[in-house]
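What the coordinates show
Letter by letter, the chains look like this.
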Amino acid sequence: MFGDMMGMMGKLKETQKKVEETKKRLDTVLVDQASNDGKLKVTLTANRTLKSITIADDLLEDKEQLEDYLILTLNKAIAKASSVNEAELAAVAKEGMPNIPGMDMFK
C-alpha cells in the first residue's frame, strides 16, 4: 500500500510539472478575434494576455461605438482563449491523475 502511495505521489508531481509546462506553452498559443465587420481585431494568448489590437480609422471617430466594439470583441476573445486554456489543462490533468477509486473528477 505504501508503495502505491509513493507511486501516486510521483505521478501527481509529474502531472504538476506537465501542467506548468502546458501553462508556459499556452503563452505562445494565439487566439484571434475580429468584430463581425472586421473593423476591430484583437489577439490574446490562450492564457488570456492581450497581445494586439487593430482598430479601423473610422472607429476612432466615435468613442461610444469603439467602446462597444472593444467590449464585444474582447469578451468573445477571452471566452475563446478560456476554452482553449481549460481544454488543454484538463487534458493534461486527466492524463496524469492516478486511478483512485471514487475520484473520477474528469469524466
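Residues numbered from 1 in each chain as written. Predicted model: local features only at pLDDT ≥ 70, side-chain atom pairs only at ≥ 80, totals over all residues. Heavy atoms only, no water.

Some remarks on a negative patch on the surface
Condition: Like charges within 9 Å and nonpolar side chains (Val, Leu, Ile, Met, Phe, Trp, Tyr) within 5 Å are joined into patches, using only residues over 30% in relative accessible area that form no salt bridge. Residue exposure ignores everything except the shown protein chains as possible cover, and the areas themselves are Shrake-Rupley values with a 1.4 Å probe. What makes a salt bridge here is a side-chain nitrogen of Lys or Arg within 4 Å of a carboxyl oxygen of Asp or Glu, nothing more. None of His or the chain ends enter the tally, which takes Lys and Arg as positive and Asp and Glu as negative. To locate a charge, take NZ of a lysine, CZ of an arginine, CG of an aspartate or CD of a glutamate. Comment: elements are numbered from the N terminus, with helices defined as DSSP H or I runs of at least four residues and strands as E runs of at least two. Partly exposed describes any residue whose relative accessible area lies between the buried limit of under 20% and the exposed limit of over 50%, with all areas from a 1.4 Å probe on protein chains only and scaled to the type maximum.
A cluster of acidic residues, Asp57, Glu61, Asp62, Glu64 and Asp68, forms a negative patch on the protein surface. Examined against the element boundaries, Asp57 turns out to sit in the loop between strand 3 (50-55) and helix 2 (63-96). By relative accessible area, which is 62% here, Asp57 ends up exposed.

Looking at unusual backbone geometry
Despite not being glycine, Arg48 has its phi angle at roughly 65°, a positive value. Tracing the backbone shows Arg48 in the loop between strand 2 (40-45) and strand 3.

A short note on the sheet that holds strand 2
Under the convention used in this document: When DSSP finds two or more bridges between a pair of strands, those strands are recorded as paired. Only C-alpha atoms enter the line fits that serve as axes; for helices the fit covers just the stretch in contact. Angles between N-to-C directions range over 0 to 180 degrees.
Ordered by their spatial adjacency, 3 strands build an open sheet running 1-2-3, and the pairing between neighbours is antiparallel. In this open sheet, the two edge strands, each paired with only one partner strand, are strand 1 (30-34) and strand 3. Across this sheet, the average inter-strand angle for adjacent strands is 10°, counted without regard to direction. Sheet analysis places strand 1 next to strand 2, joined by 5 bridges and oriented antiparallel. What sits directly across from Val31, in strand 2, is Leu44.

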